Structures are given as structure tokens and as C-alpha cells.
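Examination of the molecular architecture
One letter stands for each residue in the lines below.
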Amino acid sequence: TANRSGPAFARTARGKRSANVTSSSQLRMRGKPRKSPRRIVPVTSALPPDSSATDFVSHMARMSGLPSTAARERTAEVLRHVGLYEERYRAIGGYSTGMKQRVKLAQALVHDPRLLLLDEPTNGLDPQGTREVRSLVAALAADGATVLISSHLLSEVEQICSHLGVMRQGRLVAQWAIGDVRAGSGPVAEVVTGTPERAAEVLRGLGLTDITVTES
């Protein structure tokens, strides 16, 4: 369950190798550029519509520090991995929403980062596109990646992830294993109020059933 004051996030299995996506390709530390160890796939799309997937992902690979030849080879590899290899020379502007999500994943994975952060990865997708993204995330986790998903769609989180957490104002306030949540041994909330009966009524109206009212 997620606190209404902030989105839930979920974590897939953690392995020796990880993958990720960010809005910037380098950090500057002590005046020197450094490759970022993490990448973000944002919920909104800012992909160049006139560029092909190959050109865009290859460019992002070079921005991450890969030499041109290695960037082209790695681009072909990740586009095949996300299922865009056959469409790699088409202009991105002609892609479906699901295909654009795959481009964003590819540019995140191209330099094999340590952490992949997905912001609402199934937002705007049709059922088929949603299933494809689920399968891809599961494949990344099975391949040893660490993936964080930021989402308000808790049904999606439950199907994809191994752990659930709640963030409020930029801080992690709770975390559970998905199995514990399903078993009912996970999230427990304590509400302190001067009107406990009214609070219980409101919570029941929100669909909560296991409510205990105590008087202090």
C-alpha cells in the first residue's frame, strides 16, 4: 500500500550486475567529468522525433564515454535486447508509445550502468505495451540488474517487483517484501486522532477493513 503523500517505489531482485537510465550522462567531481553510475527513464518523453533509434542510442552511448565503434556495437546489442532491432533505422517520431518506452530503456542500458530507475514505466501504454514492459523489466532483473520503479499503480508494482517502499517528501518512510504485503504481515499504520470513530469511518470508506480502534 502507498502513502497518499508520495509515490510508492518497488525494487526488483538485486544482482551482481545492474542497469539504469538518467537525464544527464556525466557528473562533474572536483572539476572533472565522470560517468554517472545511474540512469533514469522519465515518465515524459523528450526523444528526438527525426532521429532513428540507432542514431539516438549511439549518441547517448558516446555521451557516456564509449568510443564510436564500441558505441555502435553496444547500441545494436541493447536495441536487440529491448526488441527494437528490426525497427532501429525508423524515425522515432513514427514509433508507438510502447516503442518509445523501449528506446528510453535502450539509451539507459547502453553503457551498462549500476542502477536503473523507471518512472511510471507503463504510463500511457495499451495492455500489450504494458505486458511487454513487464516482461522486459523481469528479464533485466533475471539478468542481474537492480531496478527501481516509481509508480502509483500498485497492481503493476505487485506483478513486477520483489519489494515495496513508500517515499514521502523525498524520504523512504517504509519498506516491505511483496510476499509480506500479500500475506497481510506487511504495512501497518497507526493513526492518532481525537476522533477515532470518525477516523475509522473514513478509513473504511477508503476500502480498509482490518481496523482496530483503541481509546487512550
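Heads up: the structure comes first, above all this text.
Described in the following lines is the structure provided in the data block.

So, how was this worked out
- Residues numbered from 1 in each chain as written.
- Predicted model: local features only at pLDDT ≥ 70, side-chain atom pairs only at ≥ 80, totals over all residues.
- Heavy atoms only, no water.
- Helix = DSSP H or I, 4+ residues; strand = E, 2+ residues; numbered from the N terminus.
- Buried < 20%, exposed > 50% of the residue type's maximum accessible area, 1.4 Å probe, protein only.
- Contact = heavy atoms within 4.5 Å.
- Areas by Shrake-Rupley, 256 points an atom, 1.4 Å probe, with all protein chains shown as cover.
- Pairing = 2+ DSSP bridges.
- Salt bridge = Lys/Arg side-chain N within 4 Å of Asp/Glu carboxyl O.
- Core = buried A, V, L, I, M, F, W, Y, C linked by side-chain atoms within 4.5 Å.
- Right-handed = clockwise from strand over helix to strand, strands pointing away.
- Arc of directions from axis to C-beta.
- Phe/Tyr/Trp six-rings, centres within 6.5 Å; stacked < 30°, edge-to-face > 60°.
- Lys NZ or Arg CZ within 6 Å of the ring centre and 35° of its normal.

Details of the overall build of the protein chain
- Counting its secondary structure elements, the protein chain contains 7 helices and 8 strands.
- For the protein chain, the residues scored as buried account for 39% of the 216 residues in total.
- Looking at the protein chain alone, contacts between residues at least 24 apart form 66% of all its contacts between residues at least 6 apart.
- Accessible surface for the protein chain amounts to roughly 12,700 Å². Of this, 51% is attributable to carbon and sulfur atoms.

A short note on the pairing of strand E8 (residues 171-177)
- As paired strands, strand E7 (residues 163-168) and E8 are joined by 6 bridges and run antiparallel to one another. Following the sheet pairing, Leu164 is matched in E8 by Trp176.
- Linking E7 to E8, which pair antiparallel, is a turn of 2 residues; within it Gln169 sits at a positive phi near 50°.

Brief notes about the pattern of salt bridges
- Summed over all chains, the structure comprises 5 salt bridges.
- Taking the shortest distance from any N to any O, the salt bridge between Arg90 and Glu87 comes out at 3.1 Å.
- Residue Arg198 is joined to Glu201 by a salt bridge in which the shortest nitrogen-to-oxygen separation is 3.3 Å. Here Glu201 and Arg198 lie together in helix H7 (residues 196-205), a separation of 3 residues that amounts to about one turn.
- Overall, the relative accessible area of 49% leaves Arg198 in the partly exposed class.

Some thoughts on the nonpolar core
- In this structure, Val57, Val103, Leu116 and Val147 are the most contacted members of the largest nonpolar core, which totals 37 residues.
- Every element with two or more residues in this core is listed here: helix H1 (53-63), helix H2 (68-81), helix H3 (97-109), strand E5 (115-119), helix H4 (127-142), strand E6 (147-151), helix H5 (154-160) and E7.
- Counting residues per element, this core draws most heavily on H3, which supplies 6 residues.

Some points on the pairing of E6
- Of all 5 residues making up E6, 4 are buried, and the element is well covered by its neighbours.
- Looking at chain direction, E5 and E6 are connected through 4 bridges and run parallel. Within E6, the residue paired with Leu118 across the bridge is Ile149.
- Of the crossover connections in this fold, the one passing from E5 over H4 to the parallel E6 is right-handed.

Let's talk about H7
- Those residues of H7 that sit buried are Pro196, Ala199 and Ala200. Each buried residue of H7 lies within a common arc of 100° when the element is viewed along its axis, so the set occupies one face. Of the exposed residues in H7, those oriented more than 90 degrees away from the buried face are Glu197 and Gly205.

A short note on the packing of aromatic side chains
- Counted under the stated rule, the structure contains 0 aromatic pairs.
- The ring of Tyr85 carries the charged tip of Arg80 above its face, separated from the ring centre by 3.8 Å.
- One cation-aromatic arrangement involves Arg88 over Tyr85; the distance from NZ or CZ to the ring centre is 3.7 Å.

A look at unusual backbone geometry
- At Glu120, a position not held by glycine, the phi torsion is positive, near 45°.
- Along the polypeptide, Glu120 turns up in the loop between E5 and H4.
- In the Ramachandran plot, Gln169 falls in the positive-phi region, its phi being about 50° despite a non-glycine side chain.
- Tracing the chain through its elements places Gln169 in the loop between E7 and E8.
- A relative accessible area of 68% places Gln169 in the exposed class.

Observations regarding the side chain of Arg74
- On the secondary structure map, Arg74 appears in helix H2.
- On the accessibility criterion, Arg74 (19% relative accessible area) is buried.
- The contact partners of Arg74, leaving out residues within four places of it in the chain, are Leu66, Leu109, Val110, His111 and Asp112.

Details of the environment of Glu215
- Among the structural elements, Glu215 can be located in the segment after H7.
- You can call Glu215 exposed: its relative accessible area is 64%.
- In this structure, the C-alpha to C-alpha distance between Glu215 and Thr193, residues 22 residues apart in sequence, is 10.0 Å.

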